[in-house]
Amino acid sequence: MTDNILELDGISQAYGQHLVVKNLSLRLVKGQIGCLLGESGCGKTTVLRTIAGFEPLLAGQIRLAGQEVSRPGWSLPPAKRAIGMVFQDYALFPHLTIFDNVAFGLKGLDRAAKVIRVNEMLELVGLGGSQAKYPHEISGGQQQRVALARALAPRPNLLLMDEPFSNLDVTLRERLSMEVRDILKAYGATALFVTHNQQEAFAVADQIGVMRDGTLLQWSNGHQLYHHPADPGVARFVGEGVLLPGVVRSERQVETGLGMLNGSFSAPCSGGCAVDVLVRPEDVVHDDASPVKAEVVRRYFRGANVLYSLRLASGDLVQALVPSHCDHAPGEKIGIRQDVRHIVLFPKGG
Ligand SMILES: Nc1ncnc2c1ncn2[C@@H]1O[C@H](COP(=O)(O)OP(=O)(O)OP(=O)(O)O)[C@@H](O)[C@H]1O
């Protein structure tokens, strides 16, 4: 008996000569929500389509709930995989009521059992009472929740969601992404979704995989991804910040334009070597009392915070996230101190 619901072992997929998924492996255990995050064209949708059984495998193996479903030359048909799918455009049937939309995949149940199941699913997504409405009579966010109810109704082993929030406006997208996480957790669903929006990935997923050009660069939780990115590419793609030049001075000290940073780190080289140090905007604290001054180069007002781009005395640039009570214009010198709690170093120029 395995707790693994989804296992991808070294899968590769190509369209003609174009290799779009390269030796990708990951696992999801029961009840876990995973996310593939990456820029447009990096192969996220192709991975979903391959898991759903719409694309053949070039190499590797896919197992669902312990059963092999894809290997090169053989593939279990999509309809036999017990997978639910949610797409960005909801794909509800416009001429069917909400009840009939959710009941659509419930083959083999009698009418009474269908009513119970549909009502249960609509309650789960907060739309009890909407059974008789048509899709055009409810909002986009509600339609996406109906799509979720429809996908979960047949009790799939795994739910796949392709950019499920991308058709919604920003505020609704944030709210719905949190609601969807709550719904999936309440239901105990195992799900994999894809997005190019990192806030969405952080809000919804337990495990996030960053993809670039068909390769999975890192598969870990949001905290790990943000604070311990596996390489400079992941560091730049996830979150903000800079790679600040530094020199490793000892096992626990690295010298930078922000001063000496002390703490544990794994150095990519021995003492005296040049490195790039990841400095996030919250690692640089605005402090009028600090003797260290930096010049405001740019300011991005964000409502609650201002993201400043600052030039250090060394000439290096850093960013600082500062509550927006205080407001400083480009050219001003402000006091700062470093609060780098996770020291992440990469080989110089990596
Ligand atoms: N049916 C197809 N035939 C040929 N090439 C394809 C096909 N579908 C996708 N591709 C190519 O495969 C690559 C990966 O596409 P995919 O849709 O998986 O990326 P994605 O990360 O999901 O992008 P997006 O976020 O834009 O949907 C792209 O270069 C794309 O042009």
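So, how was this worked out
- Residues numbered from 1 in each chain as written.
- Predicted model: local features only at pLDDT ≥ 70, side-chain atom pairs only at ≥ 80, totals over all residues.
- Near = placed C-beta within 6 Å.
- Helix = DSSP H or I, 4+ residues; strand = E, 2+ residues; numbered from the N terminus.
- Nonpolar A, V, L, I, M, F, W, Y, C, P; charged D, E, K, R; others polar.
- Pairing = 2+ DSSP bridges.
- pLDDT = per-residue confidence, 0-100.
- Axes fitted to C-alpha atoms, helices over the stretch in contact; angles between N-to-C directions.
- Buried ≥ 20, exposed ≤ 12 C-beta atoms within 10 Å, placed from the backbone.
- Contact = placed C-beta atoms within 7 Å.
- Parallel < 35°, antiparallel > 145°, perpendicular 65-115°, else oblique.
- Left-handed = near helix turned anticlockwise from the far one by under 90°.

Going by an unreviewed UniProt entry, the chain carries the name Iron ABC transporter ATP-binding protein and comes from Desulfuromonas versatilis.

Novice: Mind showing me how you'd approach the site of the ligand here?
Specialist: The environment of the ligand is formed by Y15, V20, G38, S40, G41, C42, G43, K44, T45, T46 and H196. The element best represented in the shell around the ligand is helix α1 (residues 44-52), accounting for 3 residues. Tallied by class, residues from the shell around the ligand come to 3 nonpolar, 7 polar and 1 charged.

Novice: What exactly am I supposed to notice about the pairing of strand β12 (residues 242-250) here?
Specialist: Within a regular strand, side chains alternate between the sheet's two faces. Judged from the 6 bridges that link them, β12 and strand β15 (residues 274-279) form a sheet pairing that is antiparallel. Counted as the bridge partner of L244 is V277 from β15. Pairing of β12 with strand β13 (residues 253-256), which is carried by 4 bridges, proceeds in the antiparallel orientation. Bridge pairing in β13 places G246 opposite T256. In sequence, β12 turns back onto β13 through a hairpin of 2 residues.

Novice: Explain the confidence of the model for the chain here, please?
Specialist: It should be kept in mind that the predicted coordinates are not to be read in detail where pLDDT is low. In the predicted model, the chain carries a mean pLDDT of 92, and 98% of its residues have values of at least 70. Mean pLDDT across the elements of the chain ranges from a minimum in helix α5 (residues 170-187), with 86, to a maximum in strand β4 (residues 59-64), with 98. Overall fold confidence (pTM) sits at 0.89, and the ipTM for the predicted complex is 0.94.

Novice: Could you clarify how one ought to interpret the sheet that holds β15 in this entry?
Specialist: Each strand in a sheet pairs with its neighbour through backbone hydrogen bonds, running either in the same direction (parallel) or in the opposite one (antiparallel). As summarised here, the arrangement of the 5 strands in space is β14-β13-β12-β15-β21, forming an open sheet in which the pairing is antiparallel. Each edge of the open sheet carries a strand with a single partner, namely β14 (259-262) and β21 (345-347). Neighbouring strand axes in the sheet, compared pairwise and without regard to direction, differ in orientation by 40 degrees on average.

Novice: I would appreciate a short explanation of the environment of V125 in the present structure.
Specialist: Within the element layout of this structure, V125 appears in the loop between α3 (111-124) and α4 (140-152). Under the C-beta neighbour-count criterion, V125 is labelled buried, with 23 such atoms within 10 Å. In this structure the C-alpha to C-alpha distance between V125 and I62, which are 63 residues apart in sequence, comes to 30 Å. The residues touching V125, leaving out its near neighbours within four places in the chain, are R145, L148, A149 and I183.

Novice: Sorry, what's going on with unusual backbone geometry here?
Specialist: Negative phi values dominate among residues other than glycine, just as trans dominates among peptide bonds. In this model, A65 sits at a positive phi of 50 degrees, which is unusual for a non-glycine residue. Counting through the fold element by element, A65 comes out in the loop between β4 and β5 (67-71). In the Ramachandran plot, D213 falls in the positive-phi region, its phi being about 50 degrees despite a non-glycine side chain. Turning to its location among the elements, D213 is positioned in the loop between β10 (207-212) and β11 (215-220). Judged by the 14 C-beta atoms lying within 10 Å of it, D213 is partly exposed.

Novice: Mind showing me how you'd approach the sheet that holds β5 here?
Specialist: Pairing in this open sheet of 5 strands is antiparallel, and the strands run β2-β1-β4-β5-β6 from one edge to the other. If you trace the sheet from one side to the other, it starts and ends with β2 (18-29) and β6 (74-75), each paired once. With 3 bridges connecting them, β4 and β5 associate as antiparallel partners. Its bridge partner being in β5, R63 is matched across the sheet by E68. The strands touched by α1 are β1 (4-15), β2, β4 and β5; relative to β2, the strand with the most contacts, the crossing angle is about 65 degrees.

Novice: When you look at the packing of α4 against α5 in this model, what are you seeing that I'm missing?
Specialist: To characterise two packed helices, one gives the angle between the axes of the helices and the distance between these axes. Between α4 and α5, the least distance of the axes is 11 Å, while the angle of their chain directions is 20 degrees. One way to sum up the angle between α4 and α5 is to call them roughly parallel. Crossing handedness for the pair α4 and α5: right-handed. Each of G141, Q144, L148 and L152 in α4 lies in contact with α5, whose residues at this interface are L172, L176, V180, I183 and Y187. Per-class residue counts for the contact of α4 with α5 are 7 nonpolar, 2 polar and no charged.

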